[in-house]
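What follows is the residue order along each chain.
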Amino acid sequence: HPHGQGEWRSWEGKVKRRRSTWWEMATNAPTRMANVTSTRKTWWNGPCKRPRDQARRGRRMEGRRNLDGKTRCTKTGLPYRGVQHVAIICKNLEESMKFYCDVLELSINPNRPHQKLPFRGAYLNIGEGQEMHLMELPNPDPTGLEQRPEHGGRDRHVCIAVSELQGIRNVLDERKWPYTASKSGRSAIFTRDPDANTLEFVLVE
């Protein structure tokens, strides 16, 4: 094509051309079309490769991969790794610890920076790298059971995966702690802590 004109075929199959600038016609220099799209062709070197955009796409894909090498499902590759902890507000830390540690048998994580937090609390382990943060603070939500949904599945709740559900039922039955089964038919139960915070335990095989 004379004077550095570029030609490419659009997605509709139509042939399109780009007029060269006066500087390109005077110097016979390559146009910037090599970085426009990988489907376009130029008059001097054929299809464009777009190395700059390929490198940019490679960096995006690195952010989309999990530790096992699989590509993430997010559009922009945001680096999500999972839930690190959930926060539970309680009125009395000792009463909550009796439920979570004595009844549910959760262990205490000693790494809580007590000196940096202006309120009492505790870190509890609920899985590999996952924690529950009990915080002794005024609760903005109603704590009376008459003010909350009868079934915990219709209230805001924290869902904890378990490999065996009957053991959770047994410890709750021994303490005569109320719980309800999932209304959807899943292998899951719902219960509440002393502050009416809802917990779900779901069977994950």
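For the structure, see preceding data.
Residues numbered from 1 in each chain as written. Predicted model: local features only at pLDDT ≥ 70, side-chain atom pairs only at ≥ 80, totals over all residues. Heavy atoms only, no water.

Points about the nonpolar core
It is characteristic of soluble globular proteins that their nonpolar side chains tend to be buried jointly.
(1) Moving on: Grouped together as the largest cluster of nonpolar side chains are 24 residues, with contacts concentrated most on Tyr-100, Leu-104, Leu-124, Met-132, Leu-134, Leu-199 and Phe-201.
(2) Moving on: Of all elements in the fold, only β5 (85–90), α3 (93–103), β7 (121–127), β8 (130–136), β9 (157–162), α4 (166–174) and β12 (198–203) reach the threshold of two or more residues within this core.
(3) Moving on: Take this core: its biggest share by element is 6 residues, from α3.
(4) Moving on: Ignoring anything within four residues of it in the chain, the contact list for Met-132 reads Val-86, Ile-88, Tyr-100, Ala-122, Tyr-123, Leu-124, Ile-126, Ile-160 and Leu-199. (Core = buried A, V, L, I, M, F, W, Y, C linked by side-chain atoms within 4.5 Å. Buried < 20%, exposed > 50% of the residue type's maximum accessible area, 1.4 Å probe, protein only. Helix = DSSP H or I, 4+ residues; strand = E, 2+ residues; numbered from the N terminus. Contact = heavy atoms within 4.5 Å.)

Section: the sheet that holds β5
(1) Moving on: Strand order in the open sheet made by the 4 strands is β5-β8-β7-β6, with mixed pairing throughout. Edge strands, defined here as strands with exactly one partner in the open sheet, are β5 and β6 (107–109). On average, adjacent strands in this sheet sit at an angle of 35° to one another, irrespective of strand direction.
(2) Moving on: Across 6 bridges, β7 lies against β8 in antiparallel orientation. In the strand pairing of β8, Asn-125 is matched with Glu-131.
(3) Moving on: Contacting β5, β6, β7 and β8, α3 runs over the sheet at an angle of about 155° to β8. (Pairing = 2+ DSSP bridges. Axes fitted to C-alpha atoms, helices over the stretch in contact; angles between N-to-C directions.)

A look at the pattern of salt bridges
(1) Moving on: If you walk through the whole model with that rule in mind, you get 7 salt bridges.
(2) Moving on: Arg-120 is the salt-bridge partner of Glu-136, the closest N and O atoms lying 2.7 Å from each other. Taken together, the positions of Glu-136 in strand β8 and Arg-120 in the loop between β6 and β7 put the pair 16 residues apart, joining distant regions of the chain.
(3) Moving on: Several salt bridges share partner residues, and in doing so they unite Glu-94, Arg-120 and Glu-136 into one network. (Salt bridge = Lys/Arg side-chain N within 4 Å of Asp/Glu carboxyl O.)

A closer look at the side chain of Glu-200
(1) Moving on: Relative to the elements of secondary structure, Glu-200 occurs in strand β12.
(2) Moving on: Glu-200 sits in the buried class, given a relative accessible area of 3%.
(3) Moving on: Side chain to side chain, Glu-200 and His-157 meet in a polar contact 3.2 Å long. (Polar contact = N/O pair within 3.5 Å; in protein donor to acceptor, adjacent residues only side chain to side chain.)

Some remarks on the packing of aromatic side chains
(1) Moving on: Using the criterion set out here, one finds 2 aromatic pairs in the structure.
(2) Moving on: Here the aromatic cluster, defined as three or more aromatic residues joined through ring pairs, consists of Phe-99, Tyr-100 and Trp-177. (Phe/Tyr/Trp six-rings, centres within 6.5 Å; stacked < 30°, edge-to-face > 60°.)

Let's talk about the sheet that holds strand β11 (residues 188–192)
(1) Moving on: Here we have 4 strands laid out as an open sheet, ordered β9-β12-β11-β10, and mixed in their pairing. Each end of this open sheet is capped by a strand with a single partner; those strands are β9 and β10 (179–181). Going across the sheet, the axis of each strand differs from the next one's by a mean of 25°, ignoring polarity.
(2) Moving on: Bridging between β10 and β11 involves 3 bridges; their strand directions are antiparallel. Paired with Tyr-179 across the two strands is Thr-191, which belongs to β11.
(3) Moving on: Packing against the sheet, α4 makes contact with β9, β10, β11 and β12, and its axis sits at approximately 35° to β11.

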